[in-house]
Amino acid sequence: MGPKTRYLGAMAPSEALTEAWRIVCFNQFHDIFDGSAIHETYEQTVKDCTQAMIAATDAIYDAATVIAPKKLSGHITVINPLGWEREDWVFVPGTRREVGAITLADAQGRTTVGQFVAGGLAFVAHVPAFDAAVYRIVGTASDEPALVPQPAFAPVDGRRADTPEAAAAAPYWRVDTPYYTAYVRRDCGIIVGFYDKRAHRELVGFGMRKPSDYMDTARPDLALNVFQVTEELPHAMSAWELQEVASVRNLITGATTEVTETGPVHCIIEVRHRFRRSTITQHIIFYKHLPRVDFETSVNWHEPGDAKRGVPGLKVAFTARMPECEAWFETPYAAVQRPSDGQEVPALRWADVGGSTYGFALLNDSKYGYDAMGCRLRMTLVRSAYEPDAVADIGQHVFRYSFLPHSGNWREAGVVRAAAGFNQPLSAHRDVVPLESGGVCFSAHLQDAGSALITAMKPAKAATDHVVLRVAETAGRNVSGARLHIKGARTVWLANIVEDPVGPVALHDGAVTFSLRPWEVRTYLVQAGCPHD
């Protein structure tokens, strides 16, 4: 419900959405949320989450019809639900499948290339904070070079994959973007070479053969995107405690890889692993105009734990060669540095390893167990505890994570914004546009705010003409002299976390001036002057 609209009433939550929020909150109860409830609990959770997803999807559709109610063929409205300007990937579902690429333009005349993909159209869009941008197709993009993985040998290998026979024998896929050059091993999907062109840095130490005293050796297990099957010894309270790990098997051979999509916007390498009774299908997505690599993963897991075999699990590991190994993990409205000692700890949308000169973040959309050891960062994907649920995690799992290398530390690299965007992607709606008249009656944005972000704009419980704006400091630094511009505000109050007004706040030229302490969260209650009928 985030983007600003012409009618404030469009922000009001429906009864179905309110009930869905109650359901989500109920399932946040600690024994349900962390996987330590009985099996019947999760049968009900599936039903609850399905109901909540339907309500959320309906709410997004209803809001979009208010933001862009006018039908106009050939146009695409892209909505940004977050409180800062974004340039990010967007997928337009339901677009007729065509071959090749097209050029799109926004209202300011900025152009971007679109690529037809399975199920729709994809491109990188530029959208202001809490706003919408309209794109229209203006022509083809036949001269735009495609991003195509090429069969390759290691750079120190004298062979070239320039014949069909040599291409078939080449052990790697080579992907070359404006940001990096990556080598993906064809028998496992591990990224064994990653050269960051921006920083002139190779991230992987010995993922493949290199000119050295150990030229004939390689350590793909110390590279990027390494699946690991772990085995804990049997122990009591297996759903509550992670205990002694007896073995770790790296999936470094036996997989198949195939290039499934190419084009001027992105390319996809599909990886298929089969081990024991389980399978992993993964799409590794390389973008031409974004510096990250995404991993869309489906795990069909059939490795039950018990009091004899112990607790099997699945992790993914990213190991980089870097001079500094500070490990940071996102917590609610903050981040905390923890020792890089291999102990598993919780994190929300991101974890980061590195230092002042360089690092990388691992973003996720649903997996919250991380461990860091030196410059290796791992994320737990599946774990088959056996009590109180004897079939915990058995079945299909679908999730996404993203590898984001960066110069400087996580603060300067914008990791917080990247993780929020990864979890709240731009949404696209075809053949509709906003009305030309009336304009936007309510909006908010920050100026000179440093590490402060608007983290929420939502309807208030007080009245239909009240809006809650929440501002948070996200880097552990002081913020002073920042300005929160609020278009359409009649009155502004400082409020507490449950939205009760604490005191009035002065508006000067439509803006509130504020300062924040490190990690401080501040809530404003705004009476808006928008029509809501």
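Look a little higher up for the structure.
Residues numbered from 1 in each chain as written. Predicted model: local features only at pLDDT ≥ 70, side-chain atom pairs only at ≥ 80, totals over all residues. Heavy atoms only, no water.

A separate point is the overall build of the chain. Secondary structure assignment for the chain yields 5 helices and 35 strands. Its C-alpha radius of gyration of 25 Å places the chain within 12% of the 24 Å reference for a compact globule of 533 residues. Structurally, the chain occupies a C-alpha span of about 70 × 60 × 45 Å along its principal axes. Split into buried and exposed, the 533 residues of the chain put 50% on the buried side. Expressed as a percentage of contacts within the chain between residues at least 6 apart in sequence, the contacts between residues at least 24 apart total 66%. Accessible area of the chain: about 24200 Å², with a carbon and sulfur share of 54%. (Helix = DSSP H or I, 4+ residues; strand = E, 2+ residues; numbered from the N terminus. Rg over C-alpha atoms; globule rule 2.2 N^0.38 Å. Buried < 20%, exposed > 50% of the residue type's maximum accessible area, 1.4 Å probe, protein only. Contact = heavy atoms within 4.5 Å. Areas by Shrake-Rupley, 256 points an atom, 1.4 Å probe, with all protein chains shown as cover.)

This next bit is on the packing of helix H1 (residues 15–26) against helix H3 (residues 39–67). Relative to each other, H1 and H3 sit at 140 degrees, their axes nearing to 9 Å. Classified by chirality, the crossing of H3 by H1 is left-handed. The residues of H3 that touch H1, namely those facing Ala-16, Leu-17, Glu-19, Ala-20, Ile-23 and Val-24, are Asp-48, Gln-51, Ala-52, Ala-55, Ala-56 and Ala-59. Its residues assigned to classes, the contact of H1 with H3 shows 9 nonpolar, 1 polar and 2 charged. (Axes fitted to C-alpha atoms, helices over the stretch in contact; angles between N-to-C directions. Left-handed = near helix turned anticlockwise from the far one by under 90°. Nonpolar A, V, L, I, M, F, W, Y, C, P; charged D, E, K, R; others polar.)

Right, let's talk about the sheet that holds strand E33 (residues 501–505) for a bit. Reading across the sheet, the 5 strands line up as E29-E30-E35-E32-E33 and stay open at both edges, with antiparallel pairing between neighbours. The open sheet has two edge strands with one neighbour each: strand E29 (452–459) and E33. Strand-to-strand twist in this sheet, taken as the mean axis angle between neighbours without regard to direction, amounts to 30 degrees. Direction of pairing for strand E30 (residues 466–473) relative to strand E35 (residues 521–528): antiparallel, over a ladder of 7 bridges. Across the sheet, the residue bridging to Arg-470 is Thr-523, located in E35. (Pairing = 2+ DSSP bridges.)

Another aspect to go through is the sheet that holds strand E31 (residues 479–487). Taken together, the 3 strands give an open sheet; going across it, the order is E28-E31-E34, and neighbouring strands pair in antiparallel fashion. Because the sheet does not close on itself, it has two edges, and the strands there are strand E28 (443–447) and strand E34 (511–516). Strand-to-strand twist in this sheet, taken as the mean axis angle between neighbours without regard to direction, amounts to 25 degrees. Pairing of E31 with E34 involves 5 bridges; the strand directions are antiparallel. Note on E34: the bridge partner recorded for Leu-484 is Val-512.

Every buried residue of helix H5 (residues 415–423) is accounted for by Val-415, Val-416, Ala-419, Ala-420, Gly-421 and Phe-422. Summarising the contacts, the buried residues of H5 are in contact with strand E2 (86–93), strand E17 (293–301), strand E22 (350–354), strand E23 (358–364), strand E26 (395–407) and E29.

Between two cysteines, a covalent bond joining their sulfur atoms is known as a disulfide. In this structure the tally under the stated criterion is 1 disulfide. You can see Cys-25 has no disulfide; the closest cysteine sulfur is in Cys-49, sitting 12 Å from it. Taking the relative accessible area as the measure of exposure, Cys-25 reaches 38% and is therefore partly exposed. (Disulfide = S-S within 2.5 Å.)

Quick look at the pattern of salt bridges now. A complete count under the given rule lists 28 salt bridges for this structure. Note that Arg-383 is salt-bridged to Glu-232, the shortest N-O span being 2.7 Å. Of the two residues, Arg-383 sits in strand E25 (residues 376–383) while Glu-232 sits in strand E12 (residues 224–232), which places them 151 residues apart along the sequence. Side by side, Arg-383 and Glu-232 carry an identical accessibility label, which is buried. Taking the shortest distance from any N to any O, the salt bridge between Arg-309 and Asp-306 comes out at 2.7 Å. Arg-309 sits in the partly exposed class, given a relative accessible area of 46%. In this structure Asp-306 comes out as partly exposed when scored by relative accessible area, which is 22%. Linked by salt bridges that have partners in common, Lys-315, Glu-344, Asp-371, Arg-376 and Arg-378 make up one network. (Salt bridge = Lys/Arg side-chain N within 4 Å of Asp/Glu carboxyl O.)

Any functional reading would require information that these geometric values do not contain.
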